[in-house]
Amino acid sequence: MSVNISRIFDFIYDQLENAPQEKCFNYKKNDTWKSISTQEYIHSANKVSSSLLKLGVKPNDKIAVITENNNPNWHFLDIGILQIGAQNVPLYATLSEKDYAYILNHSDATYCFVSNNELYGKVKSVLDKTQLKGVFSLEEIQTEYSWSSFLKLGNKENYQQKIETLKKNILPEDLATIIYTSGTTGTPKGVLLSHKNIVFTVITTMNSLDFNKENKRVLSYLPVCHIFERTASYLNLYNGSEIYFAESIDKIGDNIREVKPGYLAVVPRLLEKIFDKIVDNGSQLTGLKKQLFFWALELGEKYEPYNKNGVWYHFKLKIANKLIFSKWREALGGDLKFMISGSAPLQDRLIRVFTAAQIPIYEGYGMTESSPAGTINDLRNNGLKIGTVGKPLKDITIKIAEDGEILIKGDNVMMGYYKNEEITNRTIINDYLHTGDIGKIDSEGFLTITDRKKEIFKTSGGKYIAPSALESEFKNSRFIEQIMVIGEGEKMPAALIQLHLDFVNDWAKRKNHVIKEITSDKKLIERIQKEVDFYNKKFGKWEQIKKFEITPDEWTIEAGHLTPTMKMRRKIIKEKYKELHQKIYNS
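Residues numbered from 1 in each chain as written. Predicted model: local features only at pLDDT ≥ 70, side-chain atom pairs only at ≥ 80, totals over all residues. Heavy atoms only, no water.

K.L.:
What am I meant to see in the nonpolar core here?
P.N.:
Inside soluble globular proteins, nonpolar side chains tend to come together where they are buried. Counting 148 residues, the largest nonpolar core has Phe113, Trp328 and Phe354 as the members making the most contacts within it. Excluding its chain neighbours within four sequence positions, the residues that come into contact with Phe354 are Leu271, Ile274, Phe275, Ile278, Trp328, Leu332, Met339, Ile359, Pro360 and Ile361. By size, the runner-up hydrophobic cluster in this structure holds 24 residues, among which are Phe479, Ala495, Val504 and Ile518. (Core = buried A, V, L, I, M, F, W, Y, C linked by side-chain atoms within 4.5 Å. Buried < 20%, exposed > 50% of the residue type's maximum accessible area, 1.4 Å probe, protein only. Contact = heavy atoms within 4.5 Å.)

K.L.:
Before we go on, may I ask you to explain the side chain of Glu531 in this structure?
P.N.:
For Glu531, the position within the fold is in helix 18 (residues 522–536). Residue classification places Glu531 among the buried positions, given a relative accessible area of 11%. Not counting chain neighbours up to four residues away, the residues in contact with Glu531 comprise Ser477 and Phe479. (Helix = DSSP H or I, 4+ residues; strand = E, 2+ residues; numbered from the N terminus.)

K.L.:
What is the right way to look at the state of the cysteines in this model?
P.N.:
Here, disulfide denotes a covalent bond that connects the sulfur atoms of two cysteines. Here the structure, examined in full by the defined rule, presents zero disulfides. Just so you know, Cys112 is unpaired, no disulfide at all, and the nearest cysteine sulfur is the one on Cys225, 12 Å from it. Assessed through its relative accessible area of 0%, Cys112 is described here as buried. (Disulfide = S-S within 2.5 Å.)

K.L.:
What is the right way to read the environment of Thr563 from this model?
P.N.:
Tracing the sequence through the fold places Thr563 in the loop between strand 26 (547–550) and helix 19 (570–576). Overall, the relative accessible area of 0% leaves Thr563 in the buried class. C-alpha of Thr563 to C-alpha of Val114: the two residues are 449 residues apart in sequence and 20 Å apart in space.

K.L.:
Which parts of the structure should I look at to understand the pattern of salt bridges?
P.N.:
Any two side chains of opposite charge can pair, so long as their charged atoms come close to each other. On inspection of all chains with the given rule, the structure shows 31 salt bridges. Of the charged contacts, one joins Glu455 and Arg570 as a salt bridge, the two residues approaching to 3.3 Å between their closest N and O atoms. Taken together, the residues Glu455 in the loop between strand 21 (447–452) and strand 22 (457–458) and Arg570 in helix 19 connect sequence positions 115 residues apart. The salt bridge involving Lys583 is made with Glu549; its shortest N-O contact spans 3.6 Å. Of this pair, Lys583 sits in helix 20 (residues 578–586) while Glu549 is found in strand 26, placing the two residues 34 residues apart along the sequence. Residue classification places Lys583 among the partly exposed residues on the basis of a relative accessible area of 45%. Through salt bridges with shared partners, a single ionic network connects Arg269, Glu272, Lys273, Lys475 and Glu481. (Salt bridge = Lys/Arg side-chain N within 4 Å of Asp/Glu carboxyl O.)

Now the structure itself:
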């Protein structure tokens, strides 16, 4: 009997019937890759379902899952939860205890699974503020709450018939998961996504891109609690891919070279780090090799798709690909056919350079509330336009409201926000999701994002400033790793800047200059001012950065500057550096 894919767990059963894999999941143990087959995946998911039923878990119960690194057990648990009609509530490992207390309580979670003892301790410390009946580990450890101890719960009774009955009763429209937004502003909101929402996104994305049929190896490393990676994992099941779990964020480079993936899902900050590393390595070259490297880089930065640059340009690009860009491809496994970028705006320069290097980047647009489908670029059929986020995916309607806000309609649009009908009704109007993003659609149907509606601010002179457009441009500077434009209600726009320290140190060495303190070094500040002056020329006088301050530390997820998907937490950054803010506007 053919599997009709309408619920999330149908993907793995479809794979079992049509393309069973011996290496469905792959993970590192003792420096050796171990594999799990499609059949073993399903067997483990059924064991999870049995143990959950033994614990008394019922349809519509909520199970929280917190993991630091992606691993097979997360996915066994996910399917085990979903196929008995319960819901998976994934949380980031980087949240504070206060956030855990709020989300676990607000979501009505009855059980929680964590990936290590540190997370176990954090959850246990807030247990009395939640409705949790128990906490288990996803790890094989010598405790009564270990993964194996949990799986043993369902061994004494055969629950398979009950699992099959519960599966049959689950409808596509039923709730599958509650994903709490990472909260760049205010309290996290619980986004309600149905099986139908996510299945629609997987199938429409699969039909919209040419996923490499020869190489079906993929590397899973982005946080699986984020809808971008999670939907990608279901797509990989649907595509019959071999999924390899990265050991850690620090070992991604090594894992990419080992796995040799056919495509990669990336977020802009990670891609920026990959690019910076490549350029830093190029800077270490000498003589002709160094000249060739930067010649190729400059050529790549001028790339236009569909041979718009003419025959002579492409003749030179062919040479650059043979001499320089071939080494980039090798460093990324040698078999990478394309990368998909989402979650935040990506610099045009990166799209040009990597696409010139025969590793095209397809930037798309979506959000948790749209599961996360929306638009995508694609080289086929003139479907790529650099500077845009592509055209709407099939069966998704996108239009621009009178105030410039982007509205999305389709089966990908969320059910609403958990326990918040008021905000739901303000966000979904006449079936259109009001995204909070500002954009425009050109005559060919390509969407361009111009800014976040909530982030646009007015100076005291009444001029509107769109910070993300400025920030994206200024990050083209090799000196600048992060920048946040400020100035709401102030007389002028200014910026807080986190420097690219490795490059700054190399620059200082070349200049025989010793930097004692990056925030006050006169020669360094003068050099950064030159960068600011250069990029300011691309903007109107009213929106140019008039002053800046250099922050003393790196902006990280752990310190709270960034969300787990590496977006800036503007409110927190502003608070952390309020003294610098005052220095800019009070001096």
